[in-house]
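A look at the structure
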Amino acid sequence: MKKYFSILILIFLTLPAFALQTIRGKIVDAGTQAPLDFVNVALIKQNSETPTAGVVSDGNGNFLLPNVANGKYTLRITFVGYNPIELPLNVTNNELNMGTIKLVENSKALKELEVLGQGTQMRFDIDKKVFSVDQNIASAGGSASEVLQNIPSVDVDQEGNISLRNSSSVEVWINGKPSGLTADNRAQILQQMPAESIESIEVMTNPSARFNPEGTSGIINIVLKKNRKAGYYGSVSAGTLWSQGSKPGGTLGANINYSSGKFDAYLNLGYRNMNFTGGSDIMRENYNATDTTVLNQESTMKRGFNGMFTRAGIDYRLNDKNTLSLTGFGMLGGGYSDNNIGYQFSQNNNILREYSRVNTGLGDRKSYNIALDHKYDLDKNGSNIMTSLSYSSHARNEDNTYVQKDAGSVTTSNITQKMGGGNSQWLFKIDYTQKIGENTRLEAGWQTKDETRGSPASAYDNSKNDSIKSYFNEFDYYERIHSAYMTFGSRFGNLSLQAGLRGEYQIKEWENAYYDVNNVLQNDKSNYKPALQLFPSAYLAYSLPNQNELQLNYSRRINRPRGREINPFRDYSDSTSISFGNPDLLPELTSSFEFNYLKSWDKHSLSASAYYRFTDDVRQNVRFLNNGTLENTWMNVSKSNYTGVELVAKNRLFKILNLTSSLNFYYSTMAADSVSSIYNPALTAIIPAQEMFSWSGRVMANLILGKNTSAQITGDYSSPRLIAQGSQTSSYAIDLGVRQTFLDRNLSLNLMVRDLLNSRNRNTITYGNGFYQEANSYFHGRMIGLTVTYNFGNMKPKRTERRQDTQEMDMDGME
């Protein structure tokens, strides 16, 4: 392995000898001086009309055309709503820096422009892929979860759980910050966040040392819209959403943006009311030395939620060097659930027992996040100091009642379980960026995160008018992490290099109160020692002629156990399958290698990635059979390896069709292991050695159907994949949307259908000592939505500027 790696490094280091010249620059709005992204930059050779190369500007307005042969050219710069620019160039033996290029707005073009159709735009940076989703038709009227379902490499299951490249160990951020999102609350938060509030999704599968190392598969950053165009602009929207088998729901939304010389301000409001119908079928065989008992379990479930999403912010430019920002968002709402479960036990086709259970629940949630940011520009070359202080809070309360009846409909138990809790987090960070010359950048920073979580639970026997002490649990968790990092990057001709190191010092403790089998109150406490972890990262990128680029990168990341994974609280909502957490879990540590090839044409682009990821102390949900009842908990089981190839392409065909396609092929292995239950060491689970080849694909087609009509169709497929003690079967789905605009595009009507074929189910096969189980579940069926949006203001929203909170590392932006 070392031999091949050394050869690859040697190749990269010798390639610059054959380098051609580079043209770079930055594009800004002539009025506001704001950088413009997705501007078309074409290089045309003298006496020709066909571009020899072409790129789009990045989020900072920067563009780079590498490997340009000497000669005379015309640089053509075009963007919707602006006057085009053509600049004559004479490329010699030196790199050509165009400096800052100012585009002047064409107000007449803005007024008369008729946009026929816009597809999801895609851009590749050295450490991430950026997908612009503000024109995503199939998600109109939907939530952030529906938006993520259409992003290559990202999967969202029926419960709202998110995975990246088949790994659920992923961080989800909002505007470059964790914002208090955790594995326990982010599904609910993202289902409540309106899709219309999102501008783009950034996917970082191998983030640099500058970023938080949490999430072994990477980071998904949701960038919310923020319009900084002078004047004001706003919109109002209303819609309805219907999930098959449920009552129709509705959505309302409004936003207003205002910008002047000193101030930028915005306010977004959204309300969502949704209802769903789901269910499951489970067949489980329980084995012992003499016979086999078969459990057949069927359930139907109705659930829903309603809530308000609010987001507001203001930027104040104190002077040319200082900008102060105050931003925040909040959510307030509640939900309900109604689950009817039927149980039948049999042996040799003879029924042994039948009973039913009705679980009803009511809950409420409230969340908010507020952040104060300051940016100080050290110079005009991009050197700055950014300071941020944020606080977030997420709280929840649930009341669940479990009523169980025998075959004669006689009530045998009636229990109400109350659960509450939440988490709060302080986050302070300071980031320093120093540009050294045109091609070198030094970054350093510090971050402190302070988090507290609480999860009280209790239960009451309604038939006996007495509390149930065995259901009582109060779990409190505290964590503080201090982090420091440094990265150094430079460009040598067409070769870009970056190396970084991050150190994190973690302090954590927990306390758990419960009643033992003798009804004596116990209080367990953690015995953790503070731990220091190091997380290196490295990147190499080389630009080849004719818009080809190679990238090689490495990072080390961590997935620390938190929330329900470590909370010993026992969930009795299913009497035949009890789940609880494991406070003794260890973190997963992952090392990731990627080799990327990027190719751009005038109307096409391709990204090919070969990746290898190995993880120690893999965490999986493990099942133990205890006297006929499954006990589910999280365990560190073994080691895993993923080797794969991912292809992402964008194609513009026939002037009316834009395609964004992705394919992910991977080979996964998991080592054999044997683990024992944390509460009953006599119960063991054998994790067999497993290996499987899997693949997934997704195609998004954006169609121009007429002057004011556009459509979008998305299809995805996932082959069977490995899980601990079994596998998950294949799945597929199709989504579509149609948009029609009226009144000079001020009024738009969007129709969307999610899961057109009603096929988005989850089927799993699991097995272990004494049991074999097949389960089929679905959380909602086909969903249809209709949304009407009206835009107003003194000018139209030609673009939205990305939040700079992401603090991205862009090697092409070194100027």
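This structure is a prediction, so every number in the text was calculated from the model and none was measured. (Residues numbered from 1 in each chain as written. Predicted model: local features only at pLDDT ≥ 70, side-chain atom pairs only at ≥ 80, totals over all residues. Heavy atoms only, no water.)

1. With respect to the overall build of the protein
- Of regular secondary structure, the protein possesses four helices and 47 strands.
- Split into buried and exposed, the 815 residues of the protein put 53% on the buried side.
- Look at the contacts in the protein between residues 6 or more apart in sequence, and 69% of them connect residues 24 or more apart.
- Carbon and sulfur atoms form 56% of the exposed surface of the protein, whose accessible area is close to 34400 Å². (Helix = DSSP H or I, 4+ residues; strand = E, 2+ residues; numbered from the N terminus. Buried < 20%, exposed > 50% of the residue type's maximum accessible area, 1.4 Å probe, protein only. Contact = heavy atoms within 4.5 Å. Areas by Shrake-Rupley, 256 points an atom, 1.4 Å probe, with all protein chains shown as cover.)

2. Considerations on the sheet that holds strand β33 (residues 619–626)
- Reading across the sheet, the three strands line up as β30-β34-β33 and stay open at both edges, with mixed pairing between neighbours. A strand with exactly one partner marks an edge of an open sheet, and here the two such strands are β30 (577–579) and β33. Here the strands of the sheet are splayed against their neighbours by 30° on average, with no regard to which way each runs.
- Judged from the eight bridges that link them, β33 and strand β34 (residues 629–636) form a sheet pairing that is antiparallel. Bridging across to β34, Leu625 finds its partner in Leu630. (Pairing = 2+ DSSP bridges. Axes fitted to C-alpha atoms, helices over the stretch in contact; angles between N-to-C directions.)

3. Some words on a negative patch on the surface
- Taken together, the side chains of Glu474, Asp476, Glu509 and Glu511 define an acidic patch exposed on the protein surface.
- Mapped by element, the contributors of at least two residues to the negative patch are β25 (473–492) and β26 (495–515).
- For Glu511, the position within the fold is in strand β26.
- Given the relative accessible area of 32%, Glu511 is considered partly exposed. (Patch = residues over 30% accessible without salt bridge, like charges linked within 9 Å, V, L, I, M, F, W, Y side chains within 5 Å. Salt bridge = Lys/Arg side-chain N within 4 Å of Asp/Glu carboxyl O. Lys, Arg positive; Asp, Glu negative; His and termini not counted. Charge placed at Lys NZ, Arg CZ, Asp CG, Glu CD.)

4. What about unusual backbone geometry?
- For Ser409, which is not glycine, the phi dihedral falls at a positive 65°.
- Residue position: Ser409 is located in the loop between β21 (384–406) and β22 (411–436).
- Overall, Ser409 belongs to the exposed group, its relative accessible area being 53%.

5. Side note on the side chain of Ser677
- Its place among the elements puts Ser677 in the loop between β37 (673–676) and β38 (684–687).
- Of the polar contacts made by the side chain of Ser677, one reaches the backbone nitrogen of Asn680; its length is 3.5 Å.
- The contacts of Ser677, once residues within four sequence positions are left out, are Phe624, Glu631 and Leu683. (Polar contact = N/O pair within 3.5 Å; in protein donor to acceptor, adjacent residues only side chain to side chain.)

6. So, the environment of Lys262
- Looking at the element boundaries, Lys262 is found in the loop between β16 (249–259) and β17 (263–287).
- Given the relative accessible area of 37%, Lys262 is considered partly exposed.
- Taking the C-alpha atoms as reference points, Lys262 and Asn319, separated by 57 residues in sequence, lie 8.5 Å from one another.
- When sequence neighbours within four positions are dropped, the list of residues in contact with Lys262 reads Asp315, Tyr316, Arg317, Leu318 and Asn319.

7. Some remarks on the pairing of strand β20 (residues 350–377)
- Where strand β19 (residues 322–347) meets β20, 26 bridges bridge the pair, whose relative direction is antiparallel. Bridging from a neighbouring strand, Phe329 pairs with Asn369 of β20.
- Linking two consecutive strands that pair antiparallel, namely β20 and β21, is a turn of six residues; a positive phi of about 110° is found at Gly382 within it.

8. So, the nonpolar core
- In this structure, Leu148, Val154, Ile162, Met193, Ile198 and Ile201 are the most contacted members of the largest nonpolar core, which totals 26 residues.
- Taken together, the elements giving at least two residues each to this core come down to α3 (144–148), β10 (154–156), β11 (162–164), β12 (170–174), α4 (186–192), β13 (198–204), β14 (218–224) and β19.
- The next biggest cluster of nonpolar side chains, apart from the first, holds 21 residues, and it includes Val68, Leu75, Ile77 and Leu103. (Core = buried A, V, L, I, M, F, W, Y, C linked by side-chain atoms within 4.5 Å.)

9. Some details on the side chain of Asp461
- Positionally, Asp461 belongs in strand β23 (residues 440–461).
- The charged side chain of Asp461 is buried without a salt bridge, its nearest counter-charge being Lys464 at 4.4 Å.
- In contact with Asp461, not counting residues within four places along its chain, are Asn414, Asp466 and Ile468.

10. Quick notes on the pattern of salt bridges
- Applying the stated criterion across every chain, the model contains 20 salt bridges.
- For the salt bridge of Arg562 with Glu479, the shortest nitrogen-to-oxygen distance reads 3.0 Å. Of the two residues, Arg562 is situated in the loop between β29 (548–559) and β30 and Glu479 in strand β25; the sequence distance between them amounts to 83 residues. Note on accessibility: Arg562 and Glu479 belong to one class, buried.

11. Some words on the packing of aromatic side chains
- This model, assessed by the stated rule, comprises 15 aromatic pairs.
- An angle of 45° between the planes, with centres 4.7 Å apart, marks the rings of Tyr391 and Trp426 as tilted. With Tyr391 in strand β21 and Trp426 in strand β22, the pair connects residues that are 35 residues apart, well separated along the chain.
- Put simply, the rings of Phe665, Phe693, Trp695 and Tyr717 pair up and form one aromatic cluster.
- When the ring centre of Tyr528 is taken as reference, the NZ or CZ atom of Lys508 above it lies at 4.2 Å.
- Taking the ring centre of Tyr642 as reference, the NZ or CZ of Arg613 above it sits at 4.7 Å. (Phe/Tyr/Trp six-rings, centres within 6.5 Å; stacked < 30°, edge-to-face > 60°. Lys NZ or Arg CZ within 6 Å of the ring centre and 35° of its normal.)

12. Observations concerning the pairing of strand β40 (residues 709–718)
- Judged by how many residues are buried, β40 sits mostly within the fold: seven of 10 residues are covered.
- As defined by bridge partners, strand β39 (residues 690–706) adjoins β40 across 10 bridges and the pair is classed as antiparallel. Across the sheet, residue Val699 finds its bridge partner in β40, namely Gly715.
- Hairpin connection of β39 to β40: two residues between the antiparallel strands.
- In terms of strand pairing, β40 meets strand β43 (residues 731–742) through 10 bridges, oriented antiparallel. By the bridge assignment for β43, Gly715 is matched with Ile734.

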